[in-house]
Amino acid sequence: KVDQEDYDSHYNLGIAFLEQGLMDEAIEECKLAAQSDKLVVDSSSIISFCYRQKKEFEKAMEWINKALELAKEGSEQSFALKYDLASLYEDMGETEKSLNLYREIMDWNDNYRDVAEKVEELSKK
């Protein structure tokens, strides 16, 4: 039993549950961890990922947008979240929104992950 306000432990439990494929448990632990100013962005990102795995795209969108609002604009973290959002849009079939975000990321760093390939691939659609 973990103390309600032991946010680091809840975050670590969330990651452990995620790694075991226990999405609902990971979401609940990360929601508790998200109460910490220090962990809110990372926790929100994990929650979004879990909802995405469950194909609950609207909830995934809510949490990734929450994380993006709190991340420092222009930081590597904000571009990582934008990449996740672009990928989510891709899963939702929103090619234009996805492509626009991938292009923004590519303007920032054209070697970031597989963003150049994503832009090329989606531009053909």
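Residues numbered from 1 in each chain as written. Predicted model: local features only at pLDDT ≥ 70, side-chain atom pairs only at ≥ 80, totals over all residues. Heavy atoms only, no water.

Colleague: Would you mind going over the packing of aromatic side chains with me for this structure?
Modeller: Between two aromatic rings, the relevant description is the distance of the centres plus the angle of the planes. This structure, assessed with the given rule, holds 4 aromatic pairs. Ring geometry for Tyr83 and Tyr112: centres 6.0 Å apart, planes at 70 degrees, overall edge-to-face. Of this pair, Tyr83 sits in helix 5 (residues 76–91) while Tyr112 is found in the loop between helix 6 (95–108) and helix 7 (115–123), placing the two residues 29 residues apart along the sequence. Each of the two residues, Tyr83 as well as Tyr112, counts as buried. Taken together, the ring pairs in this structure connect Phe79, Tyr83, Tyr102, Trp108 and Tyr112 into an aromatic cluster. Positioned above the aromatic ring of Phe79, the side-chain terminus of Lys82 is 5.1 Å from the ring centre. One cation-aromatic arrangement involves Arg113 over Tyr83; the distance from NZ or CZ to the ring centre is 4.4 Å. (Phe/Tyr/Trp six-rings, centres within 6.5 Å; stacked < 30°, edge-to-face > 60°. Helix = DSSP H or I, 4+ residues; strand = E, 2+ residues; numbered from the N terminus. Buried < 20%, exposed > 50% of the residue type's maximum accessible area, 1.4 Å probe, protein only. Lys NZ or Arg CZ within 6 Å of the ring centre and 35° of its normal.)

Colleague: Whenever I open this one, the side chain of Ser98 confuses me. Can you help?
Modeller: Position of Ser98 relative to the elements: it lies in helix 6. Exposure remark for Ser98: the relative accessible area of 0% places this residue in the buried category. Within polar-contact distance, the side chain of Ser98 engages the backbone oxygen of Ala86 at 2.9 Å. What Ser98 contacts, discounting residues up to four positions off in sequence, is Ala86, Tyr89, Glu90 and Leu122. (Polar contact = N/O pair within 3.5 Å; in protein donor to acceptor, adjacent residues only side chain to side chain. Contact = heavy atoms within 4.5 Å.)

Colleague: Which parts of the structure should I look at to understand the side chain of Ser75?
Modeller: For Ser75, the location among the structural elements is in the loop between helix 4 (57–70) and helix 5. One polar contact links the side chain of Ser75 to the main-chain carbonyl oxygen of Lys72, over a distance of 2.6 Å.

Colleague: Whenever I open this one, the pattern of salt bridges confuses me. Can you help?
Modeller: If charged atoms from side chains of opposite charge come close, those side chains can pair. Inspection of the entire model under this criterion finds 11 salt bridges. One salt bridge in this structure joins Glu94 and Lys97, with 3.2 Å as the shortest N-O distance. Here the residues in one salt-bridge network are Asp24, Lys54, Glu56 and Lys59, joined through shared partners. (Salt bridge = Lys/Arg side-chain N within 4 Å of Asp/Glu carboxyl O.)

Colleague: Would you mind showing me how to read the packing of helix 4 against helix 5 here?
Modeller: Following both chains from N to C, one finds helix 4 and helix 5 inclined at 165 degrees, their axes separated by 10 Å at the closest point. Between helix 4 and helix 5, the crossing angle belongs to the class labelled roughly antiparallel. The two elements helix 4 and helix 5 meet at a crossing, and its hand is left-handed. Of the residues in helix 5, those touching helix 4 at Phe57, Ala60, Met61, Ile64, Asn65, Ala67 and Leu68 are Ser78, Leu81, Lys82, Asp84, Leu85, Leu88, Tyr89 and Asp91. (Axes fitted to C-alpha atoms, helices over the stretch in contact; angles between N-to-C directions. Parallel < 35°, antiparallel > 145°, perpendicular 65-115°, else oblique. Left-handed = near helix turned anticlockwise from the far one by under 90°.)

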